[in-house]
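# Structure assessment
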Amino acid sequence: MSSTAVHSAIATSATVTTTTPTTSHRHRHRHRPRKPLSFGIWYEWEEECAAIAAEHNLKVVRVHTHIGSGSDPAVWQKTAGMSIDLCRNFPDVVTLNLGGGYKVARMATDKFTDLQECGAPVKEIFTKFAEETGRELHLEIEPGTFLVANTGAVVSTVQDKVSTGPSGHTFLKLDAGMTDVLRPSLYGAQHPLIVVPADPAASRDTEKVVVVGHCCESGDLLSCAPDEPETISERELTMAEVGDFLVVEGSGAYCSSMSTKNYNSFPEAPELLLTEDGELHVIRARQPLVEIWKNEVQLDDKVLS
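Quick caveat: nothing in here was measured; it's all calculated off a predicted structure.

Definitions and limits used
Residues numbered from 1 in each chain as written. Predicted model: local features only at pLDDT ≥ 70, side-chain atom pairs only at ≥ 80, totals over all residues. Heavy atoms only, no water. Helix = DSSP H or I, 4+ residues; strand = E, 2+ residues; numbered from the N terminus. Polar contact = N/O pair within 3.5 Å; in protein donor to acceptor, adjacent residues only side chain to side chain. Contact = heavy atoms within 4.5 Å. Axes fitted to C-alpha atoms, helices over the stretch in contact; angles between N-to-C directions. Parallel < 35°, antiparallel > 145°, perpendicular 65-115°, else oblique. Left-handed = near helix turned anticlockwise from the far one by under 90°. Pairing = 2+ DSSP bridges. Salt bridge = Lys/Arg side-chain N within 4 Å of Asp/Glu carboxyl O. Buried < 20%, exposed > 50% of the residue type's maximum accessible area, 1.4 Å probe, protein only.

## Looking at the side chain of Glu207
Inspection of the secondary structure assignment puts Glu207 in strand β10 (residues 206-212). Here the side chain of Glu207 touches Lys161 through a polar contact of 2.7 Å, side chain to side chain. Glu207 has contacts with Lys161, Arg235, Glu236, Leu237, Met239 and Ala240, leaving out every residue within four places of it along the chain.

Take a look at the structure:
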C-alpha cells in the first residue's frame, strides 16, 4: 500500500490517495490521471485497499484524489462522483479531498476556473450522498496555485541580444531561466513576458524576439510554443536593450519551489515580498556561491590512488 499515506508506524487511521480515469488538464505533459502514471492508487484496486486496511486494523478516514489543473465542470462532477462512490465503500471515511486543479489564467488568452460553476455540481453530489447515507462528509480542496500563481514574478536582466540573420531570430538572453522558472522547459507552459526599459523615459517600438535563459540547454526557452518545450516561438515585446529588465509574470507557484537550483553552478536567486505600503522585504537572501559546494567532502588521497 505504498501510495497510501499512513499517519505513523502505529497509526490507527489512514488516507487513501486514488487515481481516476479523468483529466482536466490542458498540458499534455502534465496529464496526471492516466493508467501509465504512478500517482496514487488506481481506483479499481479499491477492494485490495480495504483488505490491507482490515489486515492492519486501519480505518480509512479520508479519500484523496487529484485531477490536474483544468476548468471543465463536467470533469469535476465526474471525478467527485467517482470519488464519493469510494467513500460509500469505506464507512469510516469522514473527509473527501478533491485535491487541486483550479485552472489559473496566466496568459490573457487563458481561462480561469469558474469556482461557482465547478462547485455547484460537487455540492449537489455531497448533499445527495448525505441524504442517502446520513453521512455528511467534510470537503477538502487544495487551491494553492489558484491563489498565488499570479502574485509572484521573476525580475531578470537582459544580458545579451543576438540575431541569427534575416531568416533566423532575434534572441534575448537573460540572467535567469530554467533555474528559476522550469515550467516552460517541462510542459511548454506559457508565462507573460514584459520588457521594462532600464531608462523609465525610454519610448520604443515592439519587435518579435525569442527569449532564452542562461543555461546551456536547448530547453532553456521561456518563449517556447504552447505545450512544446523545445519548439521556438517568438513573442512581440517592447524592443529591449542589454541592461533592460524582463519580467516573467505568473511565477508565484511551481517556480521557486520547482527550481533547478545550482544547475550550471547558478546560485539560488533571492526572493522579495512587496507589501501593500510599497515596501520591499527580503524573505530569502541570495545564495552565496560557496554554498553550492560546501557539502562536498574531501577524500583522502589513499582513496583515490
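Anyway, onward from the coordinates.
## A closer look at the packing of helix α2 (residues 73-88) against helix α3 (residues 115-133)
Interaxial distance between α2 and α3 falls to 8 Å at its minimum, and their mutual angle equals 20 degrees. With respect to α3, the element α2 is oriented roughly parallel. Here the hand of the crossing between α2 and α3 comes out right-handed. Along the contact surface, α2 presents Pro73, Trp76, Gln77, Ala80, Gly81, Ile84, Cys87 and Arg88, while α3 presents Glu117, Cys118, Pro121, Val122, Ile125, Phe126, Phe129, Glu132 and Thr133.

## Examining the environment of Asp85
Within the secondary structure layout, Asp85 lies in helix α2. Remark: the alpha-carbon pair of Asp85 and Phe129, spanning 44 residues in sequence, is separated by 9.0 Å.

## Points about the sheet that holds strand β14 (residues 245-248)
Reading across from one edge, β9-β14-β7-β8-β10-β13 is the order of the six strands in this open sheet, with mixed pairing throughout. This sheet does not close on itself; its edge strands, each paired only once, are β9 (193-196) and β13 (235-238). When the angles between neighbouring strand axes are averaged without regard to direction, this sheet yields 50 degrees. In this sheet, β10 lies alongside strand β8 (residues 170-174) in parallel orientation, the contact comprising three bridges. By the bridge assignment, Phe171 is partnered in β10 with Val210.

## Regarding the pattern of salt bridges
A complete count under the given rule lists 10 salt bridges for this structure. One salt bridge in this structure joins Glu268 and Lys261, with 3.8 Å as the shortest N-O distance. With a relative accessible area of 42%, Lys261 lands in the partly exposed category. Measuring nitrogen to oxygen at the nearest pair gives 3.0 Å for the salt bridge that ties Arg284 to Glu268. Here the residue Arg284 occupies a position in strand β16 (residues 280-284), and Glu268 occupies one in the loop between β14 and β15 (271-274), the gap between them amounting to 16 residues. The buried category is assigned to Glu268, whose relative accessible area is 18%. Within the structure, one salt-bridge network assembled from shared partners comprises Lys261, Glu268, Glu271 and Arg284.

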